Amino acid sequence: MPLTVAELLDYTTRTGGDPTDSDTRLACINEIIAEGHAISWPPPRNAPCWCGSTIEYKKCCGRPTT
Ligand SMILES: [Zn+2]
């Protein structure tokens, strides 16, 4: 799931947590998942890749390497 620094800092500002602490980051991620913002893996068929290339996942990062 995507997590930006801004989202993490927003979370730690609200909760008083330490953004460098792994437990704090995990709690932040769990909150985002609980709010329904997690993205299923892999992207749906013919959906654009998550890396932002706008190419289908299977033709981008999901492409088998040789
Ligand atoms: Zn990609």
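As shown above, the structure is provided for reference.
Residues numbered from 1 in each chain as written. Predicted model: local features only at pLDDT ≥ 70, side-chain atom pairs only at ≥ 80, totals over all residues. Heavy atoms only, no water.

## Remarks on unusual backbone geometry
In most cases, non-glycine residues show a negative phi, while peptide bonds are predominantly trans.
Line of reasoning, step 1. For N46, which is not glycine, the phi dihedral falls at a positive 65°.
Line of reasoning, step 2. Of note in this structure, T54 is not a glycine but carries a positive phi near 70°.
Line of reasoning, step 3. Residue position: T54 is located in the segment after α2 (22-34).
Line of reasoning, step 4. Note on T54: relative accessible area 68%, which makes it exposed. (Helix = DSSP H or I, 4+ residues; strand = E, 2+ residues; numbered from the N terminus. Buried < 20%, exposed > 50% of the residue type's maximum accessible area, 1.4 Å probe, protein only.)

## Focus on the pattern of salt bridges
Line of reasoning, step 1. Counted under the stated rule, the structure contains four salt bridges.
Line of reasoning, step 2. Where R14 meets E31, a salt bridge forms, and the shortest distance between an N and an O atom there is 2.9 Å. Note that R14 is positioned in helix α1 (residues 5-15) and E31 in helix α2, a separation of 17 residues in sequence.
Line of reasoning, step 3. Here E31 falls in the partly exposed class, since its relative accessible area comes to 25%. (Salt bridge = Lys/Arg side-chain N within 4 Å of Asp/Glu carboxyl O.)

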